[in-house]
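What follows is the residue order along each chain.
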Amino acid sequence: AGLIGALISGTVSELGGSGGAATLLSRLGRDPRGTLSAALKGELVQALAGPSNAALFDRLQATMAVVEGHAEWTMDTCDESGEFDGLRTALEARRDRGGPAAVVARLLGLEQKLRQYRLGRAFCLAVAERGGPEALAEVWSSPERLPSLAELEDPDGWLERIAATAPA
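Nothing here was measured: the structure is a model prediction, and the numbers come from that model. (Residues numbered from 1 in each chain as written. Predicted model: local features only at pLDDT ≥ 70, side-chain atom pairs only at ≥ 80, totals over all residues. Heavy atoms only, no water.)

**Student:** Would you explain the overall build of the protein chain in this entry?
**Tutor:** Each helix and strand counted, the protein chain has ten helices and zero strands in total. When the helices and strands of the protein chain are placed in sequence order, the string is α-α-α-α-α-α-α-α-α-α. Looking at the protein chain as a whole, 31% of its 168 residues qualify as buried. The contacts in the protein chain between residues at least 6 apart in sequence include a share of 59% that link residues at least 24 apart. When the accessible surface of the protein chain is split by element, carbon and sulfur atoms take 62% of a total near 10100 Å². (Helix = DSSP H or I, 4+ residues; strand = E, 2+ residues; numbered from the N terminus. Buried < 20%, exposed > 50% of the residue type's maximum accessible area, 1.4 Å probe, protein only. Contact = heavy atoms within 4.5 Å. Areas by Shrake-Rupley, 256 points an atom, 1.4 Å probe, with all protein chains shown as cover.)

Shown next, in the form of C-alpha cells:
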C-alpha cells in the first residue's frame, strides 16, 4: 500500500500543474508507433509514472510478483492430494490463451502481469526448495527483505542478501 501510494502521489505531482500536459505528451512521445509499441510491451503505465518514479515502479512490480508467486506456491504446496490439479491446468491454459483477448491484455499491460506471475512463482519455488518454507517466509518479515526485480531472477542472490542481513 505504501508503494502504491508513493507511486500515485509522485506521478500525480509530476503531471499536475501547468506543465502536466506537456510532461504527459513528452512521456508518451510524439511517435504514435513508439507509444503503441510501449503499450503492447506493457510499458505504458511505467512511461506515465516517469523516470523519477522508476525505482518505486520496479519495487511495486517485484512485490506484486512475490505476492502472486507466494499464493501459487501456497496453493501447490497445500494440495498434497492433487485435488487442485485441474485448477492448475485451467489457470495455465487461461494464461496461455491467445486471440483478441490477448491483444487487449497486451495493450493493458496484462501480458507483463502474466510474466510477473510466472517469475514470482519460480522465485518462490526456488527459495522454498533451497531454504525451506522458513526462508520463503522472510519475504514478509520487512519491506527491506522483499526481493528486487533482479533478485526475482536470482533467488540465490536474494538468499545470500537475506543471510548477510540476518539478526545475530
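After that view, the rundown keeps rolling.
**Student:** Before we go on, may I ask you to explain the nonpolar core in this structure?
**Tutor:** Side chains of a nonpolar character, in soluble globular proteins, are inclined to be buried together. F123, V127, L136, V139, L152 and W158 are the most contacted members of the largest nonpolar core, which totals 17 residues. Elements that contribute at least two residues to this core include exactly helix 5 (54-78), helix 8 (110-137) and helix 10 (155-164). Considering each element in turn, this core owes the most residues, seven residues, to helix 8. Excluding residues that lie within four positions of it along the chain, V139 makes contacts with V66, F123, R145, L146, P147 and W158. (Core = buried A, V, L, I, M, F, W, Y, C linked by side-chain atoms within 4.5 Å.)

**Student:** Is there a simple way to explain the side chain of R145 in this structure?
**Tutor:** Its location among the elements puts R145 in the loop between helix 8 and helix 9 (149-152). Take R145: its relative accessible area is 11%, and that puts it in the buried class. Separated by 3.2 Å, the side chains of R145 and S141 make a polar contact. In this structure the side chain of R145 is engaged in a polar contact, spanning 2.8 Å, whose partner is the side chain of T165. (Polar contact = N/O pair within 3.5 Å; in protein donor to acceptor, adjacent residues only side chain to side chain.)

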